[in-house]
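# Structural overview
The residues making up each chain are set out below.
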Amino acid sequence: MNTATELVRLLFIPRERWGWEYVLPAPPAPSPELHRPPIWQPPSPPDVSDLQRTQEQTSFGPWMLIGGLFGLWSLAGFHEGDQAPAIALLSFGMFIAAIPFVRVSTLHRRIVDATSQASAEFADYQRSHEVLTVQWRQRLYAHDQAEAERIERAMLYFPLDAVGAPRIDVLGGTTAGWSSLLATCGASLLGSGRGILLIDLTERAVADELVSLAGHAGIPADVHELPAALEQVGTLDGLDANEVADLIADAVDAERRDGGEPTLRVIDADILRTVTTRLAPPYSFARLAAALRVLDNHEEALHPGLLTTAEIAALQQRMHGLAQRDRVADQVRFLRTELDHFTEQPTPGPVTRRLSGDPDWWPERQLRVLATSSRRVSARHKALVDRIVVQAVLARMRQRSTVTSRPVLVVAGADRVGRTALDTLVRHAELTQIRLILMFERLADDAERLLGSHGGAAVIMRLGNAREAGLAADFIGRGYRFTLSQLTEQIGRSLADGVSTSHGEQAGKSVSEGRSSGYGLHSVDSRNSSVSSSFSKTWQSTRSFTESTSRNDGSTYQRVNEYTVEPTVLQSLPATAFVLVGTVDGPGRVRSGDCNPGTVLLPKVADVNRVPEGAPGQAALGQGAPGYGGPGRAYPPPHAYPLPSPQPAWQGQPPGHAG
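None of the values given here were measured: they were computed from a predicted structure. (Residues numbered from 1 in each chain as written. Predicted model: local features only at pLDDT ≥ 70, side-chain atom pairs only at ≥ 80, totals over all residues. Heavy atoms only, no water.)

Of all eleven residues in helix α9 (residues 285-295), ten are buried, a share of seventy percent or more. In the stretch just after α9, N297 is the one whose phi turns positive, near 55°. (Buried < 20%, exposed > 50% of the residue type's maximum accessible area, 1.4 Å probe, protein only. Helix = DSSP H or I, 4+ residues; strand = E, 2+ residues; numbered from the N terminus.)

So, in structure tokens, the structure goes:
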């Protein structure tokens, strides 16, 4: 299967798709057991201190003394010849002397047994801990492998749709961007069995890529260039006299930008109704121009083959009544001049890929393209053709009394339609359940007024104008978040140096006196005295030095209201990138995507849409594994990932695509 065939097969799917959303998988999550390894808690060693203390406190002396006494007693018995008692005494003495040795040996054995048992238990615990550690490491490795496989299998591109919106407004963009958007979205709509009527007013051939893809897919495509094929497409077929008159009158009046003199539209409708009521169906622009020439008394009024004799006579009867009013005569001349340009168009040649028979305005499971062009006509008359085509579409929408199908109407270059016609298109599309896609080259005037109204979604592409980018950013909305607004750092240092000196002196003096006397044969009388003095002097010098340093760091966060998507981002979007602003609430309202049809050939492109967390219907879909980008995965905030730039392999036409 070649690349072109594979591209067509993947684009024409039975699900609406406007592009693809690029979503990075969630980073690897650490294992919940990462910081919970097996804890090393070996068994406590046995407490043998009591046994050792008892062993150390065992006394051998008394027992040995008692045993020795019994031994001496037994020797006396042996000396006296009384051997049996002596042997008994000797045995009892030896038993008494052996008691402490037996006790110490028993205590030693108990200590050895307890130590051996503890060593065995420690060895068993160590082996068990090693097994648990190996198992823990294996679980960590298995978790890391599962995370790596999840990231490897995770999808990177998810389809974007706007199924819930009855109308889509495309704002801004380039020729390449519009061609890619129509190719991607149009292919999915045609693959869903919908019919598409595409009105191209841009003269940029934005539908060529979709027509080429439809041809490769075997879907009929009916392509016409106007005004050359204005009669061939049956613009006025199936309309009665009043509908034809209103169609042309509304098309001419739209040029006045909804602010002209209202009486002119009434005069135009009255003149055209006079013409159409005197002509027999079918109506054509050539026959209407010839009839107006009759009313204007033009020298080429009797053009052979266009009007019958009865029609000319009926018009001539009315001609004199209209000519008596100057304003009406001027409008007759104006309408005749406008419609004469359509009769000068050459007859178009055979159109390729044309549907069999007369193509219907609302094709079923097919594509019909009506592209207006300024070749061989002035820009003013090209604008009139644009308005005539739009009014013809409106006339067919008014005729849809019953809904037999749900076709899609695409108006590329809706800036040229006019405010009244846009409002009427939106209203009748809602009444007749026609999916309406309006593509505006600029976000100004009519586009700004319609943006987001009547439950419509918006696809915002590159908007180079700063004012338009600001309007689009305001429409996308703002969000609150906390940002770092202030950093503070305080450093303090204190020094203290002190010197203290103390000095002291002490002087003392003591005096003692004594006297002694005695009576007897020898009397003694003595007296003594002593004087002592003391002097002390002390001094002390102390110096102290203190240094302290303090530091205080602080940060302040402030709640700010910022754009969800900055205007500068919208000004520098890649050609095929866009921001989809849906009609739902929550994280799925604003999503970024890329409409390059070659994206479908890249790896890791999902077939189903990504469901935002908390979106309606999520519970029915079930929760997906975290990070897979499937059901249950939350949309990242718009500032988390920048809008994706198309990779070099996507640029231009996809490989093998004949555009």
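What follows picks up the thread again.
What follows is about the packing of helix α7 (residues 241-254) against helix α8 (residues 262-276). Running from N to C, α7 and α8 point in directions that differ by 145°, and their axes come no closer than 8 Å. For α7 against α8, the interelement crossing comes out right-handed. Here α7 contributes A241, N242, V244, A245, D246, I248, A249, D250, V252 and D253 to the contact with α8, which in turn contributes R265, D268, A269, L272, R273 and T276. Residues belonging to the contact of α7 with α8 are distributed by class as follows: eight nonpolar, two polar and six charged. (Axes fitted to C-alpha atoms, helices over the stretch in contact; angles between N-to-C directions. Left-handed = near helix turned anticlockwise from the far one by under 90°. Contact = heavy atoms within 4.5 Å. Nonpolar A, V, L, I, M, F, W, Y, C, P; charged D, E, K, R; others polar.)

For the rest of this paragraph, the subject is the packing of aromatic side chains. The way to describe two aromatic rings as a pair is by their centre distance and the angle between their planes. Applying the stated rule across the entire model yields three aromatic pairs. Between Y22 and Y157, the aromatic rings sit 5.3 Å apart at their centres with planes inclined by 45°, giving tilted as the arrangement. In this pair, Y22 sits in strand β1 (residues 19-22) while Y157 sits in strand β2 (residues 157-160), placing the two residues 135 residues apart along the sequence. For Y157, a relative accessible area of 5% translates into the label buried. By the ring-pair criterion, three or more aromatic residues cluster together here, those being W40, F122 and Y125. In this structure, R589 packs its charged tip against the face of F475, placed 5.8 Å from the ring centre. A cation sits over an aromatic face here: R610 above F158, 6.0 Å from the ring centre. (Phe/Tyr/Trp six-rings, centres within 6.5 Å; stacked < 30°, edge-to-face > 60°. Lys NZ or Arg CZ within 6 Å of the ring centre and 35° of its normal.)

Think of it this way: side chains of opposite charge can pair up when their charged atoms draw near. One pass over the structure, following the stated rule, counts 30 salt bridges. With a closest N to O distance of 3.9 Å, E441 and R204 form a salt bridge. Of this pair, E441 sits in the loop between β8 (435-440) and α14 (446-450) while R204 is found in the loop between β4 (196-200) and α6 (208-217), placing the two residues 237 residues apart along the sequence. Assessed through its relative accessible area of 27%, E441 is described here as partly exposed. When salt bridges that share partners are traced, they join D246, D250, R265 and R273 into one network. (Salt bridge = Lys/Arg side-chain N within 4 Å of Asp/Glu carboxyl O.)

The next thing to look at is the packing of helix α12 (residues 379-399) against helix α13 (residues 419-432). Across the interface, α12 lies against α13 with an axial gap of 10 Å and an inter-helix angle of 30°. Between α12 and α13, the interaxial angle falls into the category roughly parallel. In the packing of α12 onto α13, the handedness of the crossing is left-handed. Only A421, T424, L425, H428, A429 and T432 of α13 make contact with α12, whose side of the interface consists of V390, Q391, V393, L394, M397 and R398. (Parallel < 35°, antiparallel > 145°, perpendicular 65-115°, else oblique.)

Along the chain, the position of P567 falls in helix α16 (residues 567-571). Spatially, the C-alpha atoms of P567 and L463 are 8.7 Å apart, while their sequence positions differ by 104 residues. Setting aside anything within four residues of it in sequence, one finds P567 in contact with A469, G470 and A473.

Cis peptide bonds are those with omega within 30 degrees of zero, and the linkage from L226 to P227 qualifies with 15°. With respect to the element layout, P227 can be found in the loop between β5 (221-226) and α7. Backbone torsion omega between P281 and P282 reads 5°, so that peptide bond is classified as cis. One can find P282 in the loop between α8 and α9. For E203, which is not glycine, the phi dihedral falls at a positive 65°.

Quick look at a nonpolar patch on the surface now. Judged by side-chain polarity, L65, L69, L72 and L75 come together as a nonpolar surface patch covering roughly 430 Å² of accessible area. Residue placement: L69 occurs in helix α3 (residues 61-80). (Patch = residues over 30% accessible without salt bridge, like charges linked within 9 Å, V, L, I, M, F, W, Y side chains within 5 Å. Areas by Shrake-Rupley, 256 points an atom, 1.4 Å probe, with all protein chains shown as cover.)

Moving on, we get to the confidence of the model for the chain. For the chain, the mean per-residue pLDDT works out to 80, and 82% of the residues sit at or above 70. Within the model, the stretch residues 346-359 combines pLDDT values under 50 with 24 contacts to residues more than four positions away or in other chains. Scored below 50 in pLDDT, residues 613-659 makes 95 contacts in the model with residues more than four places away or belonging to other chains. (pLDDT = per-residue confidence, 0-100.)

A few words on the state of the cysteines. Formally, a disulfide is one covalent bond, and it connects the sulfur atom of one cysteine to the sulfur atom of another. Summed over all chains, the structure comprises zero disulfides. Free cysteine: C185, not disulfide-bonded; nearest cysteine sulfur from C595 at 9.8 Å. Residue C185 is classed as buried on the basis of its relative accessible area, which comes to 4%. (Disulfide = S-S within 2.5 Å.)

Glancing now at the side chain of H129. Position of H129 relative to the elements: it lies in helix α4 (residues 83-153). Exposure remark for H129: the relative accessible area of 14% places this residue in the buried category. If we ignore the near neighbours within four places in the chain, the residues touching H129 are P38, I39 and W40.

Counting buried residues along strand β6 (residues 367-372), six of its six residues qualify, which places the element largely inside the surrounding structure. Of the two faces of β6, the one carrying L367, V369 and A371 and the one carrying R368, L370 and T372 are both buried. Two elements, β4 and β6, share five bridges in a ladder whose sense is parallel. Paired with I196 across the two strands is L367, which belongs to β6. Alignment of β5 against β6, held across six bridges, turns out to be parallel. Paired with V223 across the two strands is V369, which belongs to β6. (Pairing = 2+ DSSP bridges.)

Bringing the nonpolar core into the picture now. Membership of the largest hydrophobic core comes to 86 residues, with the highest contact counts inside it found for L409 and L570. For this core, the element with the highest residue contribution is α12, accounting for ten residues. Excluding residues that lie within four positions of it along the chain, L409 makes contacts with L197, I199, W362, V393, M397, L425, I434, R435, L436 and I437. I168, I437, L602 and V605 belong to the second largest nonpolar core, which has 47 residues in total. (Core = buried A, V, L, I, M, F, W, Y, C linked by side-chain atoms within 4.5 Å.)

This next bit is on the environment of D169. Of note, D169 is situated in strand β3 (residues 167-171). In this structure the C-alpha to C-alpha distance between D169 and L580, which are 411 residues apart in sequence, comes to 9.9 Å. One polar contact links D169 to R167, side chain to side chain, over a distance of 2.9 Å. (Polar contact = N/O pair within 3.5 Å; in protein donor to acceptor, adjacent residues only side chain to side chain.)

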